[in-house]
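# Reading the structure
Letter by letter, the chains look like this.
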Amino acid sequence: MDTRPIGIFDSGMGGLTCVRQMIRLLPGEDIVYFGDTGRVPYGGRSAETIVRYARQDVAFLRSFDLKTIVIACGTVSTTALDVLERENDLPILGVVQPAAKAAVNTTKSGKIGVIGTKATIRSGAYEASIRALLPEAQLIAKACPLLVPLVEDGRVHRGDAVTERVVEEYLAPVKTAGVDTLVLGCTHYPLLMDVISDYMGTGVTLIDTGEEAARAAAALLFEQSQLNDPSRKGRRRYYASDSAADFAATAALFLGKDISDRVERVAIENY
Ligand code: DGL
């Protein structure tokens, strides 16, 4: 047993889709979450900038004594995981491998779609991981840069004409390609699950990268006998680089509960 917390971070609110699953799977774990809301979105930035931001995010999280870090961000996982792993002496998990495994286990036709931010799609990391597991996979990847701002603004519900129109425009070629599995390669996208699955239809299975990363972290901690007693009530702390009140207001949408007494602001530029 290892009672140290698990660190989880994202460029903003999206990583909370991973936190939600982590709480469901591992209720006894303490979690420290950092969302870089002052600098979100990362997805349109250069690899150099994403690596610089990610180093600061990890440096902040490492001011706590953690047992592992989960990068609950497709953009950082696809662009900076190698660097972060090299520079840190604790296990760091990204979302790409777990999501690629889930996609390969799900697909029947071998036709798999991947959507993500510009940086994620530019990296080709999901495609490489899927091909390593299923060389004959037929892949179609599409960057969807407007989806993160829509989610950060809470525009996630069915019937939102703008969101539905944007989803339709991005996903039209993916739908035409006839995929049976779609990797939501950005941790913000599960919030758009209803709108995306309405458009793609029931024959397409959506892979939630945050959920798959939470499962992978649970499996790793179990293997290493580092899980807490599940009957214990895990303590969760949330940090944001912009307004704590704004973070708490949007977090309610992701977590389905009020966390306003547990959010603090952090000056990430000092790390
Ligand atoms: N949740 C992040 C991701 O998975 C959002 C990216 C962004 O900040 O642009 O890619």
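Scroll up to find the structure this text is about.
The structure contained in this document is the topic of the report that follows. (Residues numbered from 1 in each chain as written. Predicted model: local features only at pLDDT ≥ 70, side-chain atom pairs only at ≥ 80, totals over all residues. Heavy atoms only, no water.)

## Focus: the environment of Val183
Spelled out, the test is: A run of H or I in DSSP counts as a helix once it spans at least four residues, and a run of E counts as a strand once it spans at least two, with each numbered from the N terminus. Burial status follows relative accessibility: with a 1.4 Å probe on protein chains alone, a residue under 20% of its type maximum counts as buried, one over 50% as exposed, and anything between as partly exposed. Here a residue-residue contact requires only that any non-hydrogen atoms of the pair lie within 4.5 Å.
Within the element layout of this structure, Val183 appears in strand β7 (residues 181–184). For Val183, a relative accessible area of 0% gives the class buried. When the C-alpha positions of Val183 and Gly116 are compared, they lie 8.5 Å apart, and in sequence the two are 67 residues distant. Not counting the four nearest positions on each side in its chain, Val183 is found in contact with Ala99, Ala103, Ile112, Gly113, Val114, Ile115, Tyr126, Ile130, Ile207 and Thr209.

## Quick notes on the packing of aromatic side chains
Filter applied, for reference: Paired rings are identified among Phe, Tyr and Trp, the last through its six-membered ring, by centres lying within 6.5 Å, and are further divided according to the angle between planes into stacked (under 30 degrees), edge-to-face (over 60) and tilted (the rest).
Taken as a whole and assessed by the stated rule, the structure comprises 9 aromatic pairs. Their ring planes at 40° and their centres at 6.1 Å tell us that Tyr33 and Phe247 sit as a pair that is tilted. Remark: Phe247 occurs in helix α11 (residues 244–255) and Tyr33 occurs in strand β2 (residues 31–35); sequence separation between them is 214 residues. Overall, the relative accessible area of 0% leaves Tyr33 in the buried class. Since its relative accessible area comes to 2%, Phe247 is described here as buried. A ring pair is formed by Tyr42 and Tyr53, whose centres lie 5.2 Å apart and whose planes are at 55°; its orientation type is tilted. With Tyr42 in the loop between β2 and α2 (47–61) and Tyr53 in helix α2, the pair connects residues that are 11 residues apart, well separated along the chain.

## A look at the pairing of β7
Looking along a regular strand, one sees side chains alternate from face to face of the sheet. Applied cut-off: Think of it this way: DSSP has to see at least two bridges between two strands before they count as a pair. Crossovers are described as right-handed under a simple rule: with the strands pointing away from the observer, the path leading from the first strand over the helix to the second runs clockwise.
Covered by surrounding structure in β7 are Thr181 and Val183 together with Leu182 and Leu184, the residues of both alternating faces. Of the pairings in the sheet, the one linking strand β5 (residues 111–116) to β7 comprises 4 bridges and is parallel in character. Within the sheet, the bridge partner assigned to Gly113 lies in β7 and is Leu182. The sheet contact formed by β7 and strand β8 (residues 205–208) spans 4 bridges and is parallel. Paired with Leu184 across the strands is Asp208, a residue of β8. The parallel pair β7 and β8, bridged by helix α9 (residues 193–200), forms a crossover whose chirality is right-handed.

## Some details on the side chain of Thr250
By the element assignment, Thr250 lies in helix α11. Classification of Thr250 as buried rests on a relative accessible area of 18%. Other than its neighbours up to four places away in sequence, Thr250 contacts Met13 and Glu152.

## Notes on the nonpolar core
Where we set the bar: What is meant by a nonpolar core is a set of buried Ala, Val, Leu, Ile, Met, Phe, Trp, Tyr and Cys residues, joined one to another through side-chain atoms within 4.5 Å.
By size, the foremost hydrophobic cluster in this structure holds 70 residues, and its most contacted members are Leu16, Leu182, Ile196, Tyr238 and Phe247. Not counting chain neighbours up to four residues away, the residues in contact with Phe247 comprise Met13, Leu16, Tyr33, Gly35, Thr37, Tyr238, Tyr239, Ala240, Ile259 and Val263. Membership of the second largest hydrophobic core comes to 27 residues, among which are Leu61, Cys73, Ala80 and Val83.

## Here's the deal with the sheet that holds strand β6 (residues 138–143)
As a reminder of what qualifies: Inter-axis angles, ranging from 0 to 180 degrees, are taken between N-to-C directions of lines fitted to C-alpha atoms, where helices are fitted over the stretch in contact.
Read across the sheet, 4 strands follow the order β6-β5-β7-β8 without closing on themselves; strand pairing throughout is parallel. Where the open sheet ends on each side, the last strands, each with one partner, are β6 and β8. Within this sheet the neighbouring strands show an average axis-to-axis angle of 20°, counted without direction. Pairing geometry for β5 and β6, over 6 bridges, is parallel. Note that in β6 the partner of Val114 across the bridge is Ala141. Across the sheet, helix α8 (residues 161–176) is in contact with β5, β6 and β7; its angle to β6 comes to roughly 170°.

## Comments concerning the layout of surface pockets
What counts, and what does not: The distinction between a cavity and a pocket rests on a 1 Å grid over the protein atoms alone: a 1.4 Å probe fits inside a cavity but cannot get out, while a pocket stays open yet meets protein on both sides within 12 Å along at least five of seven lines, and a residue with an atom within 4 Å of a point counts as lining. Grid points are joined across faces, edges and corners, and a volume is the space filled by probe spheres set on the points. Gly falls in the polar group here, along with every residue not listed as nonpolar (Ala, Val, Leu, Ile, Met, Phe, Trp, Tyr, Cys, Pro) or charged (Asp, Glu, Lys, Arg).
Considered as a void within the structure, the largest pocket measures approximately 340 Å³ in volume. In terms of lining, the largest pocket is formed by 19 residues, of which the most central are Gly94, Val96, Gln97, Pro98 and Ala216. Secondary structure elements with two or more residues in the lining of the largest pocket: α3 (74–87), α4 (96–106), α6 (125–133) and α10 (209–223). Looking at side-chain class alone, the lining of the largest pocket contains 9 nonpolar, 6 polar and 4 charged residues.

## Describing the pattern of salt bridges
Heads up, the condition is: Note on definitions: salt bridges are taken to be side-chain nitrogens of Lys or Arg within 4 Å of carboxyl oxygens of Asp or Glu.
Applying the stated criterion to the full structure yields 16 salt bridges. Measuring nitrogen to oxygen at the nearest pair gives 3.6 Å for the salt bridge that ties Asp242 to Arg265. Of the two residues, Asp242 is situated in the loop between β9 (236–240) and α11 and Arg265 in strand β10 (residues 263–265); the sequence distance between them amounts to 23 residues. With relative accessibility at 55%, the residue Arg265 sits in the exposed group. Overlapping salt bridges bring together Arg24, Glu211, Glu212 and Arg215 as one network.

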